[in-house]
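For reference, the chains in residue letters:
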Amino acid sequence: MDSEHDLSRQTSTPRKDLFDLQEKSLPQLPWDDDKLREECGVFGVVAVADAASFVALGLHALQHRGQEAGGIVSHDLEHGFNSARQLGYVRDNFTSADLMDTLPGPLAIGHVRYSTAGSKGQTAIRDVQPFFGEFAMGGAALAHNGNITNADALRRELIERGAIFQSSSDSECIIHLMARSLQRNIPDRMEDALRRVEGAFSVVAMTEEELIGVRDPLGVRPLVLGKVADGWCLSSETCALDIIGAEFVREVEPGEMVVISEKGVDSRFPFRKRNSRFCIFEHVYFSRPDSIIGGRSVYETRRQIGVELAREAPVDADLVCPVPDSGTPAAIGFSQESGIPYAMGIIRNQYMGRTFIEPSEQIRNMGVRLKLNVNRALIRGKRVILVDDSVVRGTTSRKIKEMILDAGAAEVHFRIASPPTSWPCFYGVDTPQREKLLAATMSEEEMREHLHVDSLKFISLDGLYRAVGAAEGRNAACPQYCDACFSGEYPVAPSDMLEKGFELKAAE
């Protein structure tokens, strides 16, 4: 074990264990692999009483970014660092007064997880963040949203030098790199560590007195700064500021580190400046529609995507129906631009949890019907435009189409609020292998035939850029966003995957 830190130590004073260390995992629903997964969400608060309660509320607002597990670390002078990590939803774990009483103090950070690295789909407690390390100058906890693309190489190097890893998460590399730094304080050690890291990261961390936020030089993943009462907070999205009554101050800049204490905010830029490449799919799907990105409403951007779709791919039809819930704003925009009435042709069951599908194979095979049901009286005899956010494998799209036709629809036309997803993401989004992406092996017409729909159209990459506010469309020489899942142009070489044989897009 490293002499300067111990990842297994989760409290700085002896007390009752706050979580079960047995290797548990959550059941997977059989159709869950046909959507891109929302990476993770991070949240932190400093200089407020009962900071962990604020963090729990913030994580609840960020639940859409990760539903497998969550964790909170807090600190106060009497008890030191305390941690609770749980599998499942925030509402099922961090609403217990008994649990929250074990997380005292004015400083806390938290994380909600969907596994994009490590034990995908089989989350173990040991992989749940925040991670904690004890250093010579005191303890520190860290929560990470994103993906380290050279994590395998770093892990091999660290293990050869004596590090003992206790999780399968790429994020643990940061703690081990910090342990080996010769810097005298934790923020400087974090700078040292993150200079070795490639890929995408938005990090929220804490020392005994400071809250720290860092974004990678490209700013691929989001992070915002807020003011709450006499304290400060950091969050993946602005919607989590709203739930605690915090004031949005600004976005943490790409390549910026903010070190926040009761004295205020210290800003520094430890990395070489580069052009921003924020993830464009945050606009399309990942972020909540009530969040603000780059000063722009996510809801308005998605509505504008529907407007662009209606202009690029018009079709005669009777109804525009969203595939709930992610297709709703784009369907509204499509309806407004086309003049075709908007209708809720598909109704979502809001009460179906992840652990409901246990009893039998017959129940599991019901698949999409457990989540979505067709409004038959509305659909019968109509030519229907279905608006969805993306097509990944196509399995869910086929099932939805079948449900619509079974309900008596005359025609089914798909309109997709993103370009074809033909490349995997290596920056914190869980995507299938490239050969399992429908758009990687089929043309648009072949996909239409595969889905057996009357028409299928995706928004163009330029159209998507226009919808997010780039009036001239995509700058091919210097793209304004990371759009690798659509274009195959990766702003950071995925070195671990290249070592495993992944082939980049050939130069045109």
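The structure we're discussing is the one just above.
As the structure is a computational prediction, the values presented were derived from the model and not from experiment. (Residues numbered from 1 in each chain as written. Predicted model: local features only at pLDDT ≥ 70, side-chain atom pairs only at ≥ 80, totals over all residues. Heavy atoms only, no water.)

A. A look at helix 13 (residues 395-406). Between its terminal C-alpha atoms helix 13 stretches 17 Å, which fits the 16 Å expected from twelve residues at 1.5 Å a residue. Burial in helix 13 covers these residues: T396, S397, I400, K401, M403 and I404. Taken end-on, helix 13 shows its buried residues confined to a sector of 160 degrees, consistent with a single buried face. Tucked inside the fold, the buried residues of helix 13 contact strand 18 (346-348), strand 19 (372-374), helix 12 (376-379), strand 20 (383-388), strand 21 (411-416) and helix 15 (444-451). Once helix 13 ends, the next one or two residues include G408, with phi positive near 100 degrees. (Helix = DSSP H or I, 4+ residues; strand = E, 2+ residues; numbered from the N terminus. Expected span 1.5 Å × (residues − 1). Buried < 20%, exposed > 50% of the residue type's maximum accessible area, 1.4 Å probe, protein only. Arc of directions from axis to C-beta. Contact = heavy atoms within 4.5 Å.)

B. Highlighting the pairing of strand 12 (residues 257-261). Of all five residues that make up strand 12, five are buried, and the element is covered over most of its length. Both strand 8 (residues 211-215) and strand 12 contribute to a ladder of four bridges, which runs antiparallel. Bridge pairing in strand 12 places L211 opposite I260. Bridging between strand 12 and strand 13 (residues 264-268) involves five bridges; their strand directions are antiparallel. In the strand pairing of strand 13, S261 is matched with G264. Where strand 12 folds back onto strand 13 in an antiparallel hairpin, the turn is made up of two residues. (Pairing = 2+ DSSP bridges.)

C. Structural context of empty space enclosed by the protein. Tallied over the entire structure, the rule returns four cavities of 30 Å³ or more. Its boundaries defined by the atoms lining it, the largest cavity holds a volume of some 100 Å³. Where the lining of the largest cavity is concerned, the elements lending two or more residues are helix 8 (281-286) and helix 17 (484-487). (1 Å grid on protein atoms, 1.4 Å probe; cavity = no way out; pocket = protein on both sides within 12 Å on 5 of 7 lines; lining within 4 Å. Points joined across faces, edges and corners; volume = space filled by probe spheres on them.)

D. Layout of the sheet that holds strand 8. Read across the sheet, six strands follow the order 5-6-7-8-12-13 without closing on themselves; strand pairing throughout is antiparallel. Each of the sheet's edge strands pairs with one partner strand only, and the pair in question is strand 5 (131-135) and strand 13. Mean inter-strand twist for the sheet, computed between neighbouring axes without regard to direction, equals 20 degrees. Here strand 5 pairs with strand 6 (residues 138-148) via five bridges, running antiparallel. The residue bridging F135 from the neighbouring strand is G138, located in strand 6. Its contacts with the sheet place helix 5 (residues 172-180) against strand 5, strand 6 and strand 7 (199-206), and it is angled at close to 5 degrees to strand 5. (Axes fitted to C-alpha atoms, helices over the stretch in contact; angles between N-to-C directions.)

E. Quick look at the environment of R380. Positionally, R380 belongs in the loop between helix 12 and strand 20. Of the residues examined, R380 reaches a relative accessible area of 52% and is grouped as exposed. In this structure the C-alpha to C-alpha distance between R380 and D406, which are 26 residues apart in sequence, comes to 9.1 Å. If near-sequence neighbours (up to four positions away) are discounted, R380 is found in contact with A407 and G408.

F. Region of interest: the sheet that holds strand 3 (residues 80-87). Taken together, the seven strands give an open sheet; going across it, the order is 3-2-4-1-10-9-11, and neighbouring strands pair in antiparallel fashion. With one partner strand each, in any of the chains shown, strand 3 and strand 11 (247-251) form the two edges of the open sheet. Across this sheet, the average inter-strand angle for adjacent strands is 15 degrees, counted without regard to direction. In this sheet, strand 11 lies alongside strand 9 (residues 224-228) in antiparallel orientation, the contact comprising four bridges. Its bridge partner lying in strand 11, V224 is registered against E251.

G. Representation of the packing of aromatic side chains in the model. For the structure on display, the rule yields 13 aromatic pairs. An aromatic cluster of three or more residues is present, and its members are W423, F426, Y427, Y490 and F502. Over the face of the ring belonging to Y89 we find R91, whose NZ or CZ atom lies 4.5 Å from the ring centre. The ring of W423 has R434 lying over it, and the distance from NZ or CZ to the ring centre is 3.6 Å. (Phe/Tyr/Trp six-rings, centres within 6.5 Å; stacked < 30°, edge-to-face > 60°. Lys NZ or Arg CZ within 6 Å of the ring centre and 35° of its normal.)

H. View of the packing of helix 4 (residues 151-160) against helix 5. Viewed as axis vectors pointing N to C, helix 4 and helix 5 meet at an angle of 45 degrees, and their least axial separation amounts to 10 Å. Viewed along their axes, helix 4 and helix 5 adopt a mutual orientation that is oblique. Classified by chirality, the crossing of helix 5 by helix 4 is left-handed. Residues A151, L154, R155 and L158 of helix 4 form the contact with helix 5, whose participating residues are C173, H176, L177 and R180. For the contact of helix 4 with helix 5, a count of residues per class yields five nonpolar, one polar and two charged. (Parallel < 35°, antiparallel > 145°, perpendicular 65-115°, else oblique. Left-handed = near helix turned anticlockwise from the far one by under 90°. Nonpolar A, V, L, I, M, F, W, Y, C, P; charged D, E, K, R; others polar.)

I. Focus on unusual backbone geometry. Cis rather than trans, the peptide bond between Q129 and P130 has omega equal to 5 degrees. Along the chain, the position of P130 falls in the loop between strand 4 (107-113) and strand 5. With an omega dihedral of -10 degrees, the bond running from P324 to D325 counts as a cis peptide bond. Its location among the elements puts D325 in the loop between strand 17 (319-322) and helix 10 (328-338). Positive phi values are uncommon outside glycine, yet A47 reaches one of about 70 degrees. Looking at the secondary structure, you find A47 in the loop between strand 1 (40-46) and helix 1 (51-61). Positive phi values are uncommon outside glycine, yet H452 reaches one of about 55 degrees. Residue placement: H452 occurs in the loop between helix 15 and strand 22 (455-458).

By themselves, these observations are geometric and do not establish any function.
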